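Here are the chains, one letter per residue:
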2 protein chains.
Amino acid sequence: MDFDLPTALPVLARTPHALRALLAGLPAEWTDATEGPETWSPYDVLGHLIHGERTDWIARARIILAQGADRRFTPYDRFAQFRESQGKSLGDLLDEFAALRAENLATLEGWRLTDAQLALEGEHPAFGPVTLRQLLATWVAHDLGHVAQVARVMAKQYRDAVGPWRAYLPVLDR
Amino acid sequence: MDFDLPTALPVLARTPHALRALLAGLPAEWTDATEGPETWSPYDVLGHLIHGERTDWIARARIILAQGADRRFTPYDRFAQFRESQGKSLGDLLDEFAALRAENLATLEGWRLTDAQLALEGEHPAFGPVTLRQLLATWVAHDLGHVAQVARVMAKQYRDAVGPWRAYLPVLDR
């Protein structure tokens, strides 16, 4: 599928609602569960998504749109949530993510981006030149990857409890 | 995590809401998308979940609880949705799934299952003896596996659109 803003926006708008529907009010056994050492719980994933709303997607889009002399993005801090989520409940994180996402989508829609703007480039610290179109497509795929991760992490908590059915549930061994 | 009914029920209750939050009103490019031939779209997955509500989980639990002479389960029809979803919109399927799930959870809660009942066995057509506890844990993990699948199938539609970011998005190549 080619990237197209009117098709992409509704997915970005749904992510906070999907995560709230999946996670709000669940026992902590689910929301704090991980896939083992150095892997993330649903709670950690929410903090990571919040950090992206604050520092990544819109900030990088602004760098591209400005077309200044230095178009290099700040590297993403993949561990910021372990600091920034401290003292916050899962409900706090769901609210914060929803508010930031709504704000960022209002900014994005307000830009009324043209095809020419979507083709503008910034510089990714590892990949080099990337377009605004690729950045926005990545925002969508990144959301969906983390929704899939949250469901997978939860499913894995029952890897043993399902007994022989494990053979029919590939998600338990992904 | 050991299976425990009070911890499992809230997950089962959330699945229809999570899928509605993720999918309702999305362009068909997303909801009809697949991972290639012989793979399922989000629309197909919903039909599969509905078939499970009608014919599998509660029906199998009843066979186990009855402890009759023949405790063998009917094999699950993994292709029923291609027949049964015909003519239905995605919104119809979301409504149908939510209604059936609510009904089935009311049945399950009404049973007030004891540990002794959770240890009763039925006969799986492929695996042989399985307990009610394993069946119910599988119901939960099966839900979560399909939520992960829906998000993954959608993410993959942007496999090319993300450009070099594909290297950072393992969900695109799962």
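Residues numbered from 1 in each chain as written. Chains lettered and ligands numbered in written order. Predicted model: local features only at pLDDT ≥ 70, side-chain atom pairs only at ≥ 80, totals over all residues. Heavy atoms only, no water.

Chain A is annotated in an unreviewed UniProt entry as DinB-like domain-containing protein from Roseisolibacter agri.

This next bit is on the overall build of chain A. Check the secondary structure of chain A and you find eight helices and two strands. Tracing chain A from N to C terminus, the helices and strands come up as α-α-α-α-α-α-α-β-β-α. Principal-axis analysis of the C-alpha atoms places the extent of chain A at approximately 55 × 35 × 30 Å. Each of the 174 residues in chain A was classed as buried or not, and the buried ones make up 53%. For chain A, contacts bridging at least 24 residues in sequence account for 70% of all contacts bridging at least 6. Total accessible area on chain A stands at roughly 7400 Å², and carbon and sulfur atoms take up 51% of it. One finds the centroid of the 18 positive side-chain charges in chain A at a distance of 2 Å from the centroid of its 23 negative side-chain charges. (Helix = DSSP H or I, 4+ residues; strand = E, 2+ residues; numbered from the N terminus. Buried < 20%, exposed > 50% of the residue type's maximum accessible area, 1.4 Å probe, protein only. Contact = heavy atoms within 4.5 Å. Areas by Shrake-Rupley, 256 points an atom, 1.4 Å probe, with all protein chains shown as cover. Lys, Arg positive; Asp, Glu negative; His and termini not counted. Charge placed at Lys NZ, Arg CZ, Asp CG, Glu CD.)

Turning our attention to the UniProt feature "domain: DinB-like" (unreviewed entry) in chain A. UniProt records the feature "domain: DinB-like" (unreviewed entry) for residues 12-150 of chain A in the present numbering. The span residues 12-150 of chain A is 63% helical and 6% strand by assignment, and the distance between its end C-alpha atoms comes to 16 Å. (UniProt positions renumbered as here; feature names shortened; annotations may be inferred.)

Let us look at the pattern of salt bridges. Residues and elements named next belong to chain B. Following the criterion strictly, the structure yields 29 salt bridges over all chains and no others. With a shortest N-O distance of 3.3 Å, E96 and K88 are connected by a salt bridge. Using a relative accessible area of 15% as the deciding quantity, one classes E96 as buried. A relative accessible area of 29% places K88 in the partly exposed class. (Salt bridge = Lys/Arg side-chain N within 4 Å of Asp/Glu carboxyl O.)

Bringing the side chain of S85 of chain B into the picture now. Tracing the chain through its elements places S85 of chain B in the loop between α5 (81-84) and α6 (90-110). Aside from chain neighbours lying at most four places away, what touches S85 of chain B is Y43, G47 and L93 of chain B.

Our focus in this paragraph is the interface of chain B and chain A. With 55 residues of chain B at the contact, the number on the chain A side is 55 residues. Our count for the contact surface shared by chain B and chain A stands at zero salt bridges. Counting the contacts that link chain B with chain A gives six residue pairs in polar contact (both at pLDDT 80 or more). For the side of chain B that touches chain A, the secondary structure elements donating two or more residues are α1 (5-23), α2 (28-31) and α8 (132-156) of chain B. For the side of chain B that touches chain A, the residue count by class is 37 nonpolar, ten polar and eight charged. (Polar contact = N/O pair within 3.5 Å; in protein donor to acceptor, adjacent residues only side chain to side chain. Nonpolar A, V, L, I, M, F, W, Y, C, P; charged D, E, K, R; others polar.)

Okay, helix α4 (residues 57-66) of chain B next. All names here are of chain B. Taken residue by residue, α4 has W57, I58, R60, A61 and I64 as its buried positions. Buried positions in α4, seen along its axis, are confined to an arc of 160° and lie on one side of it. Note on α4: the residue one or two positions beyond its end, Q67, has a positive phi of about 50°. (Arc of directions from axis to C-beta.)

This part covers the relation of the copies chain B and chain A. Each copy of the sequence occupies a distinct position, and chain B is placed on chain A by a rotation of 180° and an axial shift of 0.0 Å, giving an RMSD of 0.0 Å. Here the transformation between the copies is reduced to the relation of a two-fold axis. For chain B, the residue whose C-alpha comes nearest the rotation axis is A148 of chain B, separated from it by 2.0 Å. Here 100% of the interface residues in chain B have copies in chain A that are interface residues too; the copies meet face to matching face. (Least-squares fit on C-alpha atoms with pLDDT ≥ 70 in both.)

For the rest of this paragraph, the subject is the packing of aromatic side chains. All names here are of chain A. Considering all chains together, one arrives at 14 aromatic pairs over all chains under this definition. Between W30 and Y158, the aromatic rings sit 5.1 Å apart at their centres with planes inclined by 75°, giving edge-to-face as the arrangement. Residue W30 is found in helix α2 (residues 28-31), and its partner Y158 is found in the segment after α8 (132-156); the two are separated by 128 residues along the sequence. You'll find W30 and Y158 in the same group, each marked buried. The ring of F79 has R78 sitting right over it, with the charged end atom 5.8 Å from the ring centre. (Phe/Tyr/Trp six-rings, centres within 6.5 Å; stacked < 30°, edge-to-face > 60°. Lys NZ or Arg CZ within 6 Å of the ring centre and 35° of its normal.)

Now for a negative patch on the surface. There is a patch of like negative charges on the surface, built from E29 and D160 of chain A together with D2 and D4 of chain B. Tracing the chain through its elements places D4 of chain B in the segment before α1. For D4 of chain B, a relative accessible area of 33% gives the class partly exposed. (Patch = residues over 30% accessible without salt bridge, like charges linked within 9 Å, V, L, I, M, F, W, Y side chains within 5 Å.)

Turning our eyes to something else, we now look at the packing of helix α1 (residues 5-23) of chain A against α8 of chain A. Residue and element names in this part refer to chain A. Orientation of α1 relative to α8, taken along the N-to-C sense of each, is 25°, at an axis distance of 10 Å. Our classification of the angle between α1 and α8 gives roughly parallel. Crossing of α1 over α8 shows left-handed handedness. Here L5, A8, V11, L12, T15, L19, L22 and L23 of α1 come into contact with α8, specifically with L136, W139, V140, D143, L144, V147, V150 and M154. Of the residues in the contact of α1 with α8, the class split is 14 nonpolar, one polar and one charged. (Axes fitted to C-alpha atoms, helices over the stretch in contact; angles between N-to-C directions. Parallel < 35°, antiparallel > 145°, perpendicular 65-115°, else oblique. Left-handed = near helix turned anticlockwise from the far one by under 90°.)

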